[in-house]
Amino acid sequence: MSVIKFPYNKPKPERIICALCGRPITLADATIGPLNAKGEVTLLCNGHLWDGLKLINDLADYLAEERLKFFSTNNYSLRQFGISL
């Protein structure tokens, strides 16, 4: 498990939500994932690590969704980056 740092003046959450499957999990059952569209670290269920090929596919889908959220919230034109929808 990766080590994450929470703000010192706030209590650690008892449960967090897995970024891939949406399941509530404890910090002990989590591992670090990629950054989301807001630049925040996401947490994933340790169970996703058991199937490497599915994890890669799920992460690719997640990152594509987060990229679209990032572009739309920052008012970037996707065409300037060579992306057409």
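Look above for the structure.
Parameters and conventions
- For every chain, the first residue of the written sequence is number 1, and numbering continues from 1 onward in sequence order.
- Reporting of local features is limited, given that this is a predicted model, to residues whose pLDDT is at least 70; pairs of side-chain atoms are given and counted only at 80 or more, and all residues count toward the totals for whole chains, interfaces and linings.
- Side-chain figures throughout are based on the complete set of non-hydrogen atoms in the structure, without hydrogens or water.
- Strands here mean DSSP runs of E at least two residues long; helices mean DSSP runs of H or I at least four residues long; both are numbered from the N terminus.
- Note on exposure labels: buried denotes an accessible area under 20% of the residue type's maximum, exposed denotes more than 50%, and partly exposed covers the range between, all computed with a 1.4 Å probe on protein chains only.
- Contacts described as polar in this section are N or O atom pairs within 3.5 Å, which, within protein, must combine one atom able to donate a hydrogen with one able to accept it, while residues neighboring in sequence count only if both atoms come from side chains.
- Between two residues, a contact is recorded if the distance between any of their heavy atoms is within 4.5 Å.
- Throughout this description, the term nonpolar core refers to a set of buried Ala, Val, Leu, Ile, Met, Phe, Trp, Tyr and Cys residues connected via side-chain atoms within 4.5 Å.
- Salt bridge, as applied in this entry: a Lys or Arg side-chain nitrogen positioned within 4 Å of an Asp or Glu carboxyl oxygen.
- The patches described consist of residues with a relative accessible area above 30% and no salt bridge, like charges being joined within 9 Å and nonpolar side chains (Val, Leu, Ile, Met, Phe, Trp, Tyr) within 5 Å.
- Under the convention used here, a 1.4 Å probe and the Shrake-Rupley method define accessible areas, while residue burial counts only the protein chains that appear.
- The criterion for strand pairing is that DSSP finds at least two bridges linking the strands in question.

We now examine the overall build of the protein. Looking only at helices and strands, one finds one helix and four strands in the protein. Put simply, the protein has 85 residues, and 24% of those count as buried.

Take Thr 42: it is sitting in strand β4 (residues 41-45). A residue is classified by how much of its surface remains accessible, and Thr 42, at 7% relative accessible area, is buried. A polar contact of 2.6 Å, which involves the side chain of Thr 42, links it to the backbone oxygen of Pro 34. Setting aside residues no more than four positions away along its own chain, Thr 42 makes contact with Ala 19, Thr 31, Ile 32, Gly 33, Pro 34, Asn 36 and Tyr 62.

With that out of the way, let us pick up the nonpolar core. Of all hydrophobic cores here, the largest spans eight residues; its members are Ile 16, Cys 18, Ile 25, Leu 27, Ala 30, Leu 43, Leu 44 and Cys 45. The greatest single-element share of this core, amounting to three residues, is contributed by β4.

In total, this model carries two salt bridges according to the counting rule given. Lys 54 is the salt-bridge partner of Asp 58, the closest N and O atoms lying 3.0 Å from each other. Separated by four residues within a single helix, Asp 58 and Lys 54 lie in helix α1 (residues 52-73), roughly one turn from each other. Given a relative accessible area of 21%, Asp 58 falls into the partly exposed group. Accessibility expressed as a relative area gives 45% for Lys 54, which makes it partly exposed.

Here we take up a nonpolar patch on the surface. Taken together, the side chains of Ile 32, Leu 35 and Val 41 present a nonpolar region at the surface, about 240 Å² in accessible area. Within the secondary structure layout, Ile 32 lies in strand β3 (residues 30-35). Since its relative accessible area comes to 30%, Ile 32 is described here as partly exposed.

In the sheet, β3 pairs with β4 via four bridges, with the strands oriented antiparallel. Along β4, the bridge assignment pairs Leu 35 with Val 41. The antiparallel pairing of β3 with β4 creates a hairpin that spans five residues between the two strands, and Gly 39 there sits at a positive phi of about 85°.

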